[in-house]
Amino acid sequence: PESDDNPPDPIYYEPADSAWKVVKNLETAYINRDHDAYMDCFREDFEFHLLETDWDDYDGDGIVDTYWGYDIEDLFSQNMFNAVEQIELVLTGTSEYPWMGDPTEQSYALPRNFDLKVYTSVGGPSQPPQGYRASGEAIFICRPDTTTGEWYIWQWFDESEV
């Protein structure tokens, strides 16, 4: 039997030359807590659209935010990846359709059901695992980068179950 001490390196689609490939890269990076690969799925114009229950002033400007951008996603993901022991994420679904909310008419929406488990402690022989679970649907709006041609996640709509 193979040892879990040296798991194989994750496999990413390089280049991410289609919308579904960048979403698959995001899933792989999340599971592997690979911050650099995770942030490669976005560009500076990224927006994470929140559920209304999560609206808050995330950037400290005194205005309630309905979404956050690249910088906050970078900070939050880095902090989470460093603070947890294990992440399980399963994205299901294959639909993809043109998204009309982009004036360039190049974006595609990829709705995906997700099941996310974040373990702050994986436990042990006498301790159960500790952590959080979220599930529901996310809609990833992907489009090609105008300079590289690689696809990236431009907007992410959280439609998780509260």
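Refer to the structure above for everything that follows.
Let me begin by describing the structure that accompanies this report. Since we're looking at a predicted model, the values are computed, not measured.

What counts and how
Residues numbered from 1 in each chain as written. Predicted model: local features only at pLDDT ≥ 70, side-chain atom pairs only at ≥ 80, totals over all residues. Heavy atoms only, no water. Helix = DSSP H or I, 4+ residues; strand = E, 2+ residues; numbered from the N terminus. Rg over C-alpha atoms; globule rule 2.2 N^0.38 Å. Buried < 20%, exposed > 50% of the residue type's maximum accessible area, 1.4 Å probe, protein only. Contact = heavy atoms within 4.5 Å. Phe/Tyr/Trp six-rings, centres within 6.5 Å; stacked < 30°, edge-to-face > 60°. Lys NZ or Arg CZ within 6 Å of the ring centre and 35° of its normal.

Things to note about the overall build of the protein
Turning to step 1, where the next piece is worked out: Within the protein one finds three helices and seven strands.
Turning to step 2, where the next piece is worked out: For 162 residues, the compact-globule estimate of 2.2 N^0.38 gives 15 Å, and the C-alpha radius of gyration of the protein, at 17 Å, lies within 12% of that figure.
Turning to step 3, where the next piece is worked out: In terms of principal-axis extent, the alpha carbons of the protein reach across some 55 × 40 × 25 Å.
Turning to step 4, where the next piece is worked out: For the protein, the residues scored as buried account for 39% of the 162 residues in total.
Turning to step 5, where the next piece is worked out: Residue pairs at least 24 apart in sequence account for 54% of intrachain contacts in the protein once pairs closer than 6 positions are excluded.

A few points about the environment of tryptophan 151
Turning to step 1, where the next piece is worked out: Tracing the sequence through the fold places tryptophan 151 in strand β7 (residues 151-160).
Turning to step 2, where the next piece is worked out: Classification of tryptophan 151 by relative accessible area gives buried; the value is 14%.
Turning to step 3, where the next piece is worked out: Contacts of tryptophan 151, omitting those with residues within four sequence positions, involve Ala16, Asp17, Ser18, Ala19, Val22, Gln106, Tyr108, Cys142, Arg143 and Pro144.

Concerning unusual backbone geometry
Turning to step 1, where the next piece is worked out: Here glutamate 14 and proline 15 are connected by a cis peptide whose omega angle stands at 0°.
Turning to step 2, where the next piece is worked out: Secondary-structure assignment places proline 15 in the segment before α1 (19-31).
Turning to step 3, where the next piece is worked out: If you check the backbone angles, arginine 33 has positive phi at about 50° while not being a glycine.
Turning to step 4, where the next piece is worked out: When its relative accessible area of 33% is taken as the criterion, arginine 33 is described as partly exposed.
Turning to step 5, where the next piece is worked out: We note that glutamate 105 has phi near 60°; this positive angle belongs to a residue other than glycine.
Turning to step 6, where the next piece is worked out: The residue glutamate 105 is located in the loop between β4 (97-98) and β5 (108-121) in this model.
Turning to step 7, where the next piece is worked out: On the basis of relative accessibility, which here comes to 70%, the residue glutamate 105 falls in the exposed class.

Topic: the packing of aromatic side chains
Turning to step 1, where the next piece is worked out: Counted under the stated rule, the structure contains 16 aromatic pairs.
Turning to step 2, where the next piece is worked out: Look at phenylalanine 42 and phenylalanine 46: their rings are 4.2 Å apart centre to centre, the planes differ by 45°, and that puts the pair in the tilted class. With respect to burial, phenylalanine 42 and phenylalanine 46 carry one shared label: buried.
Turning to step 3, where the next piece is worked out: Aromatic ring contacts, followed pair by pair, group Tyr30, Tyr38, Phe42, Phe46, Phe48, Tyr58, Trp68, Phe76, Phe81, Phe140 and Trp156 into a single cluster.
Turning to step 4, where the next piece is worked out: In this structure, arginine 143 is placed above the aromatic ring of tryptophan 154, and the distance from its NZ or CZ to the ring centre is 3.7 Å.

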